[in-house]
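One-letter residues, chain by chain:
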2 protein chains.
Amino acid sequence: MSKVYVVGLGPGAGEQMTIQAKKVLSSCPVIVGYTVYIELIQKEFPEKEYVSTPMRQEVERCKLAFEEAMKGKDVAMVCSGDAGVYGMAGLLYELGDKYPQVEVEVIPGITAATGGAAVLGAPLMHDFAVISLSDLLTSWEQIEKRLDAAAEADFVICLYNPSSKKRSDYLRLACERILKYRAADTVCGIVRNIGREEESYKILSLGELKNTKTDMFTTVYIGNSSTKQIGEYMVTPRGYKGV
Amino acid sequence: MSKVYVVGLGPGAGEQMTIQAKKVLSSCPVIVGYTVYIELIQKEFPEKEYVSTPMRQEVERCKLAFEEAMKGKDVAMVCSGDAGVYGMAGLLYELGDKYPQVEVEVIPGITAATGGAAVLGAPLMHDFAVISLSDLLTSWEQIEKRLDAAAEADFVICLYNPSSKKRSDYLRLACERILKYRAADTVCGIVRNIGREEESYKILSLGELKNTKTDMFTTVYIGNSSTKQIGEYMVTPRGYKGV
């Protein structure tokens, strides 16, 4: 029986890929994915059959993966970061009942939340909430409800998809909600292009973050009430004594 | 200048380690860590100087790492999963101001949340909250507040440290709180010994989870209101049309 592996490439698809992910990519004759991710790995694995589809054609992309597997070939469907966090893993399981001969297996990867945290220092050392600001598949009201809940209960908050061309003011709106519960000098951080050559980061206050422009390649961190800036790093203490 | 690398070994410290983590372990002459994690990697890197300390001596362990680095040697401090999620990264930055000659760098790893999610299927496809039930360093009142907030705002919830010998009823208490906001048939999952030979998992309802005994090696997932069981997998739909 052929398999579809959903492979998280980690941030940047470079050395932050796991050993397991690399082995699976080596062993699968067919690699399916969004064009940009395919380009990231094509150099390292030139001898593969590549099937790429543009953004927003997620259902189509999954069906293509199953159809290739139905021909008897193992398929790696690649995703940036972790395939199980706002990635393609769920959709493959949902569509899988139409292809009972094909097994789906998730190969985890470093997701942006933890990859970006390592760049900033240690912002996620305590309880945290991951929220996507994209309202393509979720209502903005639901997103606001989650922002409020996470802010009020003093979670560290990690935001995926903080803005896009169409949603240029969403990060500002999110910060305004969080500011109802948290001080303007709360330590925050942004990381852009995690794991790529152009990687960059900045530590700033929640008040400053509200007026900061970001894009689709940025991950945003809002500290809890204990988060500190130590030197050039963002650190959430866990609470050990003797520090 | 010598460095202390805080290296996340991923779950099980096997093939779910990143290529970068393996390179750093290869290049550092000294490896510091909790005895159990040291045992996991000692076979693969026999030629190292190992410094291990028992559990609960976290501050001591970090100081040892800095002292080794002060001797001019690069040090890898190893953690299970990701060093930045309830790991040692934060403590190293907090203690670092006493060792200004030593730089600290975090090498991210697959954390239990995403490693275990891959075993269960795709439970974390939508906004999620990560909460530790350990009240060693956090008050139980704060933990309850976060459980309430995450449950009410319909986050998928991932619980670390669901119980220990001293806290054998904490998971039951947590489930009781969540049941105030979420149905007893909410799809949940538990994964034990992620990434190790003895790895096992189970999908069950929130009502069943309440009466389930777990241990320190278990990670718990509580679905949101849309989470489904599909075959033997736990899947949170992201909301794509055409499924």
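Computed from a prediction, not measured in an experiment: that's the story for all the values here.

1. Observations concerning the overall build of chain A
Then, number 1: Scanning chain A for helices and strands turns up eight helices and 13 strands.
Then, number 2: Here chain A has a C-alpha radius of gyration of 19 Å; the compact-globule value for 243 residues is 18 Å, and the two agree.
Then, number 3: In terms of principal-axis extent, the alpha carbons of chain A reach across some 55 × 40 × 30 Å.
Then, number 4: For chain A, contacts bridging at least 24 residues in sequence account for 69% of all contacts bridging at least 6.
Then, number 5: For chain A, the accessible surface area stands at approximately 9500 Å², while carbon and sulfur atoms represent 47% of it.
Then, number 6: Both charge centroids of chain A, one from 28 positive and one from 31 negative side chains, sit 2 Å from each other.

2. Observations concerning the nonpolar core
Then, number 1: Of all hydrophobic cores here, the largest spans 50 residues; its most connected members are Leu209 of chain A together with Leu209 of chain B.
Then, number 2: Apart from the residues within four sequence positions on either side, Leu209 of chain B is in contact with Leu171, Cys175, Cys188, Ile190, Leu204, Val220 and Ile222 of chain B.

3. Structural notes on the interface of chain A and chain B
Then, number 1: Contact residues are listed per partner, giving 69 residues for chain A and 69 residues for chain B.
Then, number 2: Taken together, the two surfaces of chain A and chain B that pack against each other cover about 6200 Å², and 61% of this comes from carbon and sulfur.
Then, number 3: In this structure, Arg146 of chain B and Asp154 of chain A form a salt bridge, with 3.9 Å as the shortest nitrogen-oxygen distance.
Then, number 4: Counting the contacts that link chain A with chain B gives 32 residue pairs in polar contact (both at pLDDT 80 or more).
Then, number 5: The residue inventory of the side of chain A that touches chain B, partitioned by class, reads 34 nonpolar, 20 polar and 15 charged.
Then, number 6: Relative to strand E7 (residues 128-132) of chain B, strand E7 (residues 128-132) of chain A is paired through three bridges, and the arrangement is antiparallel. Within E7 of chain B, the residue paired with Phe128 of chain A across the bridge is Val130 of chain B.

4. Brief notes about the relation of the copies chain A and chain B
Then, number 1: Aligned on chain B, chain A shows an RMSD of 0.0 Å; the corresponding rotation is 180° and the shift along the axis is 0.0 Å. Taken together, these values place the two copies in the relation of a two-fold axis.
Then, number 2: The fraction of interface residues of chain A whose copies in chain B are also interface residues reaches 100%, indicating that both copies meet through the same surface.

5. Points about the packing of aromatic side chains
Residue and element names in this part refer to chain B.
Then, number 1: All told, the structure shown has ten aromatic pairs over all chains when counted by the stated rule.
Then, number 2: Ring geometry for Phe66 versus Tyr99: centroids 4.4 Å apart, planes at 5°, classification stacked. You can see Phe66 sitting in helix H3 (residues 58-70) and its partner Tyr99 sitting in the loop between helix H4 (89-95) and strand E5 (103-107), a full 33 residues away along the chain.
Then, number 3: Overall, Phe66 belongs to the buried group, its relative accessible area being 0%.

6. Some thoughts on the side chain of Arg167 of chain A
Residue and element names in this part refer to chain A.
Then, number 1: Looking at the secondary structure, you find Arg167 in the loop between strand E8 (156-160) and helix H7 (170-178).
Then, number 2: Here Arg167 occupies a buried position and makes no salt bridge, while the nearest side chain of opposite charge, Asp135, is found at 4.4 Å.
Then, number 3: Within the structure, the side chain of Arg167 is placed 3.2 Å from the backbone oxygen of Leu133, a separation counted as a polar contact.
Then, number 4: In this view, Arg167 contacts Leu133, Ser134, Asp135, Asn161 and Pro162; residues no more than four positions away in its chain are not counted.

7. Considerations on the state of the cysteines
Working definition: the covalent bond between the sulfur atoms of two cysteines is a disulfide.
Residue and element names in this part refer to chain A.
Then, number 1: Enumeration according to the criterion identifies zero disulfides over all chains in this entry.
Then, number 2: Not engaged in a disulfide, the cysteine Cys62 finds its nearest cysteine sulfur in Cys79; these two sulfurs lie 8.1 Å apart.
Then, number 3: We classify Cys62 as buried; its relative accessible area is 0%.
Then, number 4: Given a relative accessible area of 4%, Cys79 falls into the buried group.

8. As for the pairing of strand E8 (residues 156-160) of chain B
All names here are of chain B.
Then, number 1: Judged by how many residues are buried, E8 sits mostly within the fold: five of five residues are covered.
Then, number 2: Where E8 lies against strand E11 (residues 218-222), three bridges are found, and the strand directions are antiparallel. Paired with Leu159 across the strands is Val220, a residue of E11.

9. Here we look at helix H1 (residues 19-27) of chain A
Along an α-helix, residues three or four positions apart point the same way, because every turn accommodates 3.6 residues.
Then, number 1: Turning to H1 of chain A, its buried residues number three or more, namely Ile19, Gln20, Ala21, Val24 and Leu25 of chain A.
Then, number 2: In this structure, the buried residues of H1 of chain A make contact with strand E1 (3-8), strand E2 (30-34), helix H2 (35-42), strand E4 (75-79) and strand E5 (103-107) of chain A together with helix H1 (19-27) of chain B.

10. Brief notes about unusual backbone geometry
Then, number 1: Positive phi outside glycine occurs at Asn193 of chain A, with the angle close to 55°.
Then, number 2: Relative to the assigned elements, Asn193 of chain A resides in the loop between strand E9 (187-192) and strand E10 (200-205).
Then, number 3: Non-glycine residue Asp154 of chain B carries a positive phi angle of around 60°.
Then, number 4: Among the secondary structure elements, Asp154 of chain B is positioned in the loop between helix H6 (140-152) and E8.
Then, number 5: On the accessibility criterion, Asp154 of chain B (14% relative accessible area) is buried.

Analysis parameters
- Residues numbered from 1 in each chain as written.
- Chains lettered and ligands numbered in written order.
- Predicted model: local features only at pLDDT ≥ 70, side-chain atom pairs only at ≥ 80, totals over all residues.
- Heavy atoms only, no water.
- Helix = DSSP H or I, 4+ residues; strand = E, 2+ residues; numbered from the N terminus.
- Rg over C-alpha atoms; globule rule 2.2 N^0.38 Å.
- Contact = heavy atoms within 4.5 Å.
- Areas by Shrake-Rupley, 256 points an atom, 1.4 Å probe, with all protein chains shown as cover.
- Lys, Arg positive; Asp, Glu negative; His and termini not counted.
- Charge placed at Lys NZ, Arg CZ, Asp CG, Glu CD.
- Core = buried A, V, L, I, M, F, W, Y, C linked by side-chain atoms within 4.5 Å.
- Buried < 20%, exposed > 50% of the residue type's maximum accessible area, 1.4 Å probe, protein only.
- Buried area = accessible area lost by both parts, 1.4 Å probe.
- Salt bridge = Lys/Arg side-chain N within 4 Å of Asp/Glu carboxyl O.
- Polar contact = N/O pair within 3.5 Å; in protein donor to acceptor, adjacent residues only side chain to side chain.
- Nonpolar A, V, L, I, M, F, W, Y, C, P; charged D, E, K, R; others polar.
- Pairing = 2+ DSSP bridges.
- Least-squares fit on C-alpha atoms with pLDDT ≥ 70 in both.
- Phe/Tyr/Trp six-rings, centres within 6.5 Å; stacked < 30°, edge-to-face > 60°.
- Disulfide = S-S within 2.5 Å.

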